Amino acid sequence: AALSREADEAAKKDELACVSSSSLPTTGMSTSSSDQGKGSFQRSAAGSGKSSVAGGYRTLEVFELESAFPGTGLWSTPSMPMDFDTSWRWADASGSKHPNLKADMKKDKVIKCKEPPCSLEMFTPISQWTIDVNQNTNKDGWVYALNWRSSTWDKVPGMFAAVRKRRWTRVFS
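The model shown is predicted, which means the values in this text are computed figures rather than measured ones. (Residues numbered from 1 in each chain as written. Predicted model: local features only at pLDDT ≥ 70, side-chain atom pairs only at ≥ 80, totals over all residues. Heavy atoms only, no water.)

1. Side note on the overall build of the protein chain
- Scanning the protein chain from terminus to terminus reveals two helices and seven strands.
- For the protein chain, the α and β elements follow one another from N to C terminus as α-β-β-β-β-α-β-β-β.
- As displayed, the protein chain has an accessible area near 9900 Å², and 57% of this comes from carbon and sulfur atoms. (Helix = DSSP H or I, 4+ residues; strand = E, 2+ residues; numbered from the N terminus. Areas by Shrake-Rupley, 256 points an atom, 1.4 Å probe, with all protein chains shown as cover.)

Written as structure tokens, this is what we have:
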């Protein structure tokens, strides 16, 4: 019973490390991108994985990455030997480990987070994390491809879809 209680407490601690100011008001300041399903991770300079400045606010962009287990239809954090930066689950627009991941979190904690464990130093979040859902994504914001460098991404997983990504944003001031 003591081991079970310790495991429950450890799980709660992990979840708290991932939680990012859930008491913030939603401001409706999310961004939308009609080109997420096109090209690879490359986006405009404003979507470099850092942040963009517009009207005194900064919008942090983070991509959540998952890969398929062949033949199962199940998706999880990329874990193949060739998955270096993608194995961190949270990436910038180039597909690299996101530079704004919380520095005190180890990889095993980062990949368990349900929302991006990212923040901007010296800035305050003024919105919740928002998943970009548009005409090029499925209802959950995912787009699918054969590999991370694919030139085309589809909102429906095809027979050979092995990877998927979705874009999260959060506004800071």
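Resuming the write-up.
2. Overview of the nonpolar core
- With 13 residues, the main nonpolar core has Leu60, Val62, Trp90, Leu101, Val110, Cys118 and Trp129 as its most contacted residues.
- Val110 has contacts with Trp88, Trp90, Leu101, Met105 and Pro117, leaving out every residue within four places of it along the chain.
- Phe63, Leu65, Ala145 and Val163 belong to the second-largest nonpolar core, a separate cluster that totals nine residues. (Core = buried A, V, L, I, M, F, W, Y, C linked by side-chain atoms within 4.5 Å. Buried < 20%, exposed > 50% of the residue type's maximum accessible area, 1.4 Å probe, protein only. Contact = heavy atoms within 4.5 Å.)

3. Observations concerning the environment of Trp129
- Mapped onto the elements of the fold, Trp129 is located in the loop between helix H2 (107-110) and strand S5 (130-131).
- A residue is classified by how much of its surface remains accessible, and Trp129, at 7% relative accessible area, is buried.
- In this structure the C-alpha to C-alpha distance between Trp129 and Trp168, which are 39 residues apart in sequence, comes to 6.4 Å.
- Separated by 3.4 Å, the side chain of Trp129 and the backbone oxygen of Pro116 make a polar contact. (Polar contact = N/O pair within 3.5 Å; in protein donor to acceptor, adjacent residues only side chain to side chain.)

4. Things to note about the layout of surface pockets
- Taken as a whole, the largest pocket encloses approximately 200 Å³ of empty space.
- For the largest pocket, the lining is made up of 13 residues, of which Ser67, Met80, Met82, Ala162 and Val163 are closest to its centre.
- With three residues, the single largest contributor to the lining of the largest pocket is strand S2 (residues 57-69).
- Among the residues forming the lining of the largest pocket, the class breakdown is 10 nonpolar, two polar and one charged. (1 Å grid on protein atoms, 1.4 Å probe; cavity = no way out; pocket = protein on both sides within 12 Å on 5 of 7 lines; lining within 4 Å. Points joined across faces, edges and corners; volume = space filled by probe spheres on them. Nonpolar A, V, L, I, M, F, W, Y, C, P; charged D, E, K, R; others polar.)

5. Considerations on the pattern of salt bridges
- Scanning all chains against the criterion turns up seven salt bridges.
- With a shortest N-O distance of 3.4 Å, Asp140 and Lys139 are connected by a salt bridge.
- Note on Lys139: relative accessible area 71%, which makes it exposed.
- Bridged by salt links that share partners, the residues Glu64, Glu66, Arg89, Arg164 and Arg166 form one connected network. (Salt bridge = Lys/Arg side-chain N within 4 Å of Asp/Glu carboxyl O.)

6. Looking at a nonpolar patch on the surface
- Among the surface-exposed residues, Met80, Met82 and Phe84 lie close enough to one another that they form a single nonpolar patch of about 380 Å² accessible area.
- By secondary structure assignment, the location of Phe84 is in the loop between strand S3 (74-76) and strand S4 (90-91). (Patch = residues over 30% accessible without salt bridge, like charges linked within 9 Å, V, L, I, M, F, W, Y side chains within 5 Å.)

7. A word on the environment of Glu115
- The residue Glu115 is located in the loop between H2 and S5 in this model.
- Note on Glu115: relative accessible area 27%, which makes it partly exposed.
- Separated by 51 residues in the primary sequence, Glu115 and Glu64 place their C-alpha atoms 8.7 Å from one another.

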